[in-house]
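# Reading the structure
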Amino acid sequence: MPTPDVHAYLEAQQRKSLLRFITCGSVDDGKSTLIGRLLYDSKLLFEDQLAALTAESKKNGTQDGDLDFALLLDGLAAEREQSITIDVAYRFFASDKRKFIVADTPGHEQYTRNMVTGASTADLAVILIDARKGVLTQTRRHSYLVSLMGIRQVVLAVNKMDLVGWSRETFDAIVADYRQFARKIELENVRAIPMSALHGDNVAMRSANAPWYAGPALMEELDAVEIDETRRARGPLRMPVQWVNRPNLDFRGFAGQIAGGRVRPGDKVRVTPSGKTSAIARIVTKDGDLAEAVAGQSVTLTLTDDVDCSRGDVIAAADDAPEAADQFEATVIWMAEDELLPGRSYWLKIGAKTAAAQVTDIKYKINVNTLEHLAGKTLDLNEIAVCNVSLDQPVAFDRYVQNPDTGGFILIDRMTNATVAAGLIHFALRRAQNVHWQAMDVTRESHAALKNQRPAVLWFTGLSGAGKSTIANLVEKKLNALGKHTALLDGDNVRHGLSRDLGFTDADRVENIRRVAEVAKLMADAGLIVLVSFISPFRAERQMARELVPPGEFFEVFVDTPLAEAERRDAKGLYKKARAGQLKHFTGVDSPYERPENAEIVVDTMRLDAAAAAELIVSRVLAQR
């Protein structure tokens, strides 16, 4: 059992509010030094940490043997060697009034994704400027990212004022320059503070070195600023359902963290995206029922009616519910080494909801240094763009500027499960409300029964020259002779019509396969056995095609021919052109081919000729029909 003093201390800490903030700025503006100084002034360093800091300062410090507070944050060896911040470093400290978690974010452009990660949970940003250098390109870029991520409270820390003699004119000029830019990106709530992080001036306490400055020290500002949860509590109720809690037949509750507003028993609510309405019966917690819960609290809600509500749905105020749509415009921040390819299928996670999604159109990219709009077909690491996003089902959402918890999402690579992007929703596309599925009386089962066959998609994949088209043609002839109704989609033929506008970049290849997969699905819905002969080099697109048709109807046929053999055949002379540099983005030469990992049928063309391969495929497919 803790002693009474310890118990009282822990209770006092629990009652304190928590402010999350980030520090950002150009290289060497003093971000890590500032946070180190805050930790030092907050008396949160143990004796062994101070001893280690003293030793480290003598070895790797930049202050001629004096304490180098930046070393408390620059934890990576690469950071200490280069005296820069690379990763996001999180630190906890507390004042008498409040607890804090601060994220020290990197200043270099190549680490934009790291800064976005740190900003995603922040209530406030401390943007540092070196008083000797003024507002730089990196300052503008970081400020834009802060605005983009919905952080509306900014402290402009004009650091190293001691190196300009605490000049008021210098400070005022920097602040005026910054405010002019801040207005363009809708950053209105900016508090400017002159300081010297290294010496502690205007950090924890006001400094006598700036008698002309009448505002608060940084710590005073952090203690007084409004926390986002307080602001969100004034908005409409939002609670994404994380778990349907049903321990027995007599209890059914919906567990989650309230993302906005407040809720009381008896409040009318709406479950989105279904739109079903009910009322709150109880607010259940481990410590007993509550009379009210507000944004930031994790609770279990029970409803007065037995309505359909599942993980990923949002329980919201009945008279102010979020939108529900399967298409919207969003800002996408790309965080992966591999480029974003429009048309490729990713997992989209918003709250507790996961859906398949595609970026259907990159409307424009944003130069984060100049805010200029640029054309682009793909996104590379750290690039930002405004895009149209399409999902396979409606999801509930708010605009990101209204509620980041219900308006932000991530994209996940379906092959690796790696997070590849963050997204900020702007609005639902009009087509999402105006385009609806039309019910058909004649079903796909009726089409298939009329043809006395089960529909299927036979997806032939392999290198150019592997023999896909030859084998697919023989397979169709055999099926036709057996009275089967078929259609053959060949890569070269499709590019004369449906895909005549596409080239051979990775982005165009993804779009080509997306179109063909949708056509194959429609043909299978008509009861046909569809043969698709395309290189289709990427696993993600082949998986997307598989998921368009019911289980058991998709057969991936890997025509396995070694690259050397395919190049030896080279009936069309394409490999020769590619090797000579006359044909760019050629699969196997300067564009990758991802071999199938679990193909239903593998044809080894070094062992089987085309006729034998066709016989094998027909027997395998018909055996399962």
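Look a little higher up for the structure.
Here goes a summary of the coordinates provided. (Residues numbered from 1 in each chain as written. Predicted model: local features only at pLDDT ≥ 70, side-chain atom pairs only at ≥ 80, totals over all residues. Heavy atoms only, no water.)

Once that is clear, we can look at the pattern of salt bridges. Applying the stated criterion across every chain yields a total of 32 salt bridges. Residue Asp492 is joined to Lys572 by a salt bridge in which the shortest nitrogen-to-oxygen separation is 2.5 Å. Residue Asp492 is found in helix α14 (residues 491–494), and its partner Lys572 is found in the loop between α17 (563–569) and α18 (574–579); the two are separated by 80 residues along the sequence. Here the salt bridges do not stand alone but share partners, grouping Arg444, Lys521, Asp525 and Glu553 into one network. (Salt bridge = Lys/Arg side-chain N within 4 Å of Asp/Glu carboxyl O. Helix = DSSP H or I, 4+ residues; strand = E, 2+ residues; numbered from the N terminus.)

Summed over the entire model, instances satisfying the criterion amount to ten aromatic pairs. Between Phe93 and Phe100, the aromatic rings sit 4.8 Å apart at their centres with planes inclined by 20°, giving stacked as the arrangement. Each ring, one from Trp334 and one from Tyr346, has its centre 5.8 Å from the other, and the planes form 70°; the classification is edge-to-face. With a gap of twelve residues between them, Trp334 in strand β16 (residues 323–334) and Tyr346 in strand β17 (residues 345–350) connect regions that are remote in the sequence. The residues Trp334 and Tyr346 share a single accessibility class, namely buried. Put simply, the rings of Phe21, Phe93 and Phe100 touch in pairs and so form one group of aromatic residues. The ring of Phe538 is capped by Arg344, whose NZ or CZ atom sits 4.9 Å from the centre of that ring. For the cation-ring pair, Arg495 lies above Phe504, with the distance from its terminal atom to the ring centre recorded as 4.0 Å. (Phe/Tyr/Trp six-rings, centres within 6.5 Å; stacked < 30°, edge-to-face > 60°. Buried < 20%, exposed > 50% of the residue type's maximum accessible area, 1.4 Å probe, protein only. Lys NZ or Arg CZ within 6 Å of the ring centre and 35° of its normal.)

Now for empty space enclosed by the protein. Taken as a whole, this structure holds three cavities of 30 Å³ or more when the rule is applied. Volume-wise, the largest cavity comes out at about 80 Å³. Lining the largest cavity, in full, are Pro240, Pro273, Gly312, Asp313, Val314, Ile350, Gly351, Lys353, Val395, Ala396, Asp405 and Thr406. Split into classes, the residues belonging to the lining of the largest cavity amount to six nonpolar, three polar and three charged. Counting contributing residues per domain, the lining of the largest cavity is built from domain 2 (232–317) and domain 3 (324–432), each supplying no fewer than three. Lining the second largest cavity, in full, are Arg20, Phe21, Ile22, Tyr90, Ile101, Val102, Ala103, Gly118, Thr121 and Ala122. Looking at the lining of the second largest cavity, the elements that each hand over two or more residues are β1 (17–25) and β3 (98–104). Along the lines of polarity and charge, the residues of the lining of the second largest cavity split into seven nonpolar, two polar and one charged. (1 Å grid on protein atoms, 1.4 Å probe; cavity = no way out; pocket = protein on both sides within 12 Å on 5 of 7 lines; lining within 4 Å. Points joined across faces, edges and corners; volume = space filled by probe spheres on them. Nonpolar A, V, L, I, M, F, W, Y, C, P; charged D, E, K, R; others polar. Domains from an automatic or database assignment.)

Ordered by their spatial adjacency, seven strands build an open sheet running β7-β15-β11-β12-β14-β9-β8, and the pairing between neighbours is antiparallel. At either end of the open sheet lies a strand with only one pairing partner, and these are β7 (238–240) and β8 (243–248). With strand direction ignored, the average angle separating the axes of adjacent strands in the sheet is 40°. The pairing of strand β11 (residues 268–272) with strand β12 (residues 276–284) spans four bridges and is classified as antiparallel. The residue bridging Val271 from the neighbouring strand is Lys276, located in β12. (Pairing = 2+ DSSP bridges. Axes fitted to C-alpha atoms, helices over the stretch in contact; angles between N-to-C directions.)

Right, let's get into the packing of helix α5 (residues 112–119) against helix α6 (residues 137–148). Where α5 contacts α6, the two axes come as close as 10 Å, and the packing angle between them is 40°. When the axis of α5 is compared with that of α6, the two are oblique. Where α5 crosses over α6, the handedness of that crossing is right-handed. Residues Thr112, Met115 and Val116 of α5 pack against Arg141, His142, Leu145 and Val146 of α6. (Parallel < 35°, antiparallel > 145°, perpendicular 65-115°, else oblique. Left-handed = near helix turned anticlockwise from the far one by under 90°. Contact = heavy atoms within 4.5 Å.)

Looking now at the nonpolar core. Counting 68 residues, the largest nonpolar core has Phe21, Ile22, Val126, Val146, Leu156, Tyr178 and Leu218 as its most contacted members. Looking at which domains feed residues into this core, each of domain 1 (3–226) and domain 3 (324–432) gives three or more. Residues in contact with Ile22, not counting those within four places in the same chain, are Ala103, Thr105, Met115, Gly118, Ala119, Ala122, Leu124, Ala125, Val126, Val146 and Ile151. Formed by 27 residues, the second largest nonpolar core is a distinct cluster that contains Tyr346, Ala385, Phe397 and Val420. (Core = buried A, V, L, I, M, F, W, Y, C linked by side-chain atoms within 4.5 Å.)

Below, the discussion takes up the pairing of strand β23 (residues 456–461). Counting buried positions along β23 yields six of six residues, so the element is predominantly enclosed. Burial along β23 is two-sided: the face carrying Ala456, Leu458 and Phe460 and the face carrying Val457, Trp459 and Thr461 are both buried. With five bridges connecting them, β23 and strand β26 (residues 554–560) associate as parallel partners. When the bridges of β26 are listed, Val457 appears paired with Phe554.

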